Amino acid sequence: MQWEGVLTYLFFGLGGILSSMEWWCWETMSAITPLSVHTVPTQIIQVVVIIPFGISIALSICMGATLPYLVFHAAWLTVGSYIFDILIMIVICTMLHVWRFLFYALFTKLRRLLRGV
């Protein structure tokens, strides 16, 4: 096993872990209300962005298998994937906007933060 590669991977993963821990940092310093209000949507956005990212990975795998044989089919696969992705994100963003108070209430019970929504 090559420990140098594993340590490099863990080193880069540590940055992602620390950026996700930003939430608890602002919650512990919750005297800074404007910053605390922004941490909940930041965490939700990080999770929601995974959906189009996963669709794009699936599209690249399908295109890699389809492109050498059916170029026209790969083009339609791309267009269909973009349209599907846009529609899914419109629905998700609308749901996030309509139910934003519910999402905030899931993450915090502090009244001053809920008023900041």
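Source: prediction; values computed, not measured. (Residues numbered from 1 in each chain as written. Predicted model: local features only at pLDDT ≥ 70, side-chain atom pairs only at ≥ 80, totals over all residues. Heavy atoms only, no water.)

*Asks:* Quick one: what's the story with the overall build of the protein, residue by residue and with numbers?
*Replies:* Of the regular secondary structure elements, the protein holds seven helices and zero strands. For the protein, the proportion of its 117 residues judged to be buried stands at 20%. A fraction of 52% describes how many contacts in the protein between residues 6 or more apart in sequence connect residues 24 or more apart. Of the accessible surface of the protein, which amounts to about 8,800 Å², a share of 78% is contributed by carbon and sulfur atoms. (Helix = DSSP H or I, 4+ residues; strand = E, 2+ residues; numbered from the N terminus. Buried < 20%, exposed > 50% of the residue type's maximum accessible area, 1.4 Å probe, protein only. Contact = heavy atoms within 4.5 Å. Areas by Shrake-Rupley, 256 points an atom, 1.4 Å probe, with all protein chains shown as cover.)

*Asks:* An account of the confidence of the model for the protein is needed here, citing residue identities and associated values.
*Replies:* On average, residues of the protein carry a pLDDT of 78, and 78% of them reach 70 or more. The secondary structure element of the protein with the lowest average pLDDT is helix α2 (residues 22–28), at 60, and the one with the highest is helix α5 (residues 71–98), at 88. (pLDDT = per-residue confidence, 0-100.)

*Asks:* I'd like a rundown of the side chain of Thr78, residues and numbers included.
*Replies:* Tracing the backbone through its elements, the reader meets Thr78 in helix α5. When its relative accessible area of 15% is taken as the criterion, Thr78 is described as buried. Sequence-distant contacts of Thr78, defined by excluding residues within four places in its chain, comprise Leu59 and Met63.

*Asks:* Go over α5 with me, naming the residues and quoting the values.
*Replies:* For α5, which comprises 28 residues, the first-to-last C-alpha distance of 41 Å matches the rise-based estimate of 40 Å (1.5 Å per residue) to within 8%. Among all positions of α5, only Ala74, Thr78, Ser81, Asp85, Met89 and Ile92 are buried. (Expected span 1.5 Å × (residues − 1).)

*Asks:* Outline the packing of helix α4 (residues 50–66) against α5, supporting the account with residue identities and numerical values.
*Replies:* Axis separation between α4 and α5 bottoms out at 10 Å; the angle between their running directions is 170°. As summarised for this structure, α4 and α5 are arranged roughly antiparallel, according to the angle between their axes. When α4 is examined against α5, the residues Ile51, Pro52, Ile55, Leu59, Cys62, Met63 and Thr66 are found in contact with a partner set consisting of His73, Ala74, Leu77, Thr78, Ser81, Phe84, Asp85, Ile88, Met89 and Ile92. Among the residues forming the contact of α4 with α5, the class breakdown is twelve nonpolar, four polar and one charged. (Axes fitted to C-alpha atoms, helices over the stretch in contact; angles between N-to-C directions. Parallel < 35°, antiparallel > 145°, perpendicular 65-115°, else oblique. Nonpolar A, V, L, I, M, F, W, Y, C, P; charged D, E, K, R; others polar.)

*Asks:* Mind laying out the nonpolar core, listing which residues take part and the relevant values?
*Replies:* Counting residues in hydrophobic clusters, the biggest one holds seven residues: Val37, Val40, Ile44, Val48, Met89, Ile92 and Tyr104. Elements with a contribution of two residues or more to this core: α3 (33–48) and α5. The element contributing the most residues to this core is α3, with four residues. (Core = buried A, V, L, I, M, F, W, Y, C linked by side-chain atoms within 4.5 Å.)

*Asks:* Please set out the side chain of Asp85 residue by residue, giving values where relevant.
*Replies:* Among the structural elements, Asp85 can be located in helix α5. Salt bridges are absent for the buried Asp85, whose nearest opposite-charge side chain, Arg100, sits at 22 Å. Discounting residues that sit within four places of it in the chain, Asp85 has contacts with Pro52 and Ile55. (Lys, Arg positive; Asp, Glu negative; His and termini not counted. Salt bridge = Lys/Arg side-chain N within 4 Å of Asp/Glu carboxyl O.)

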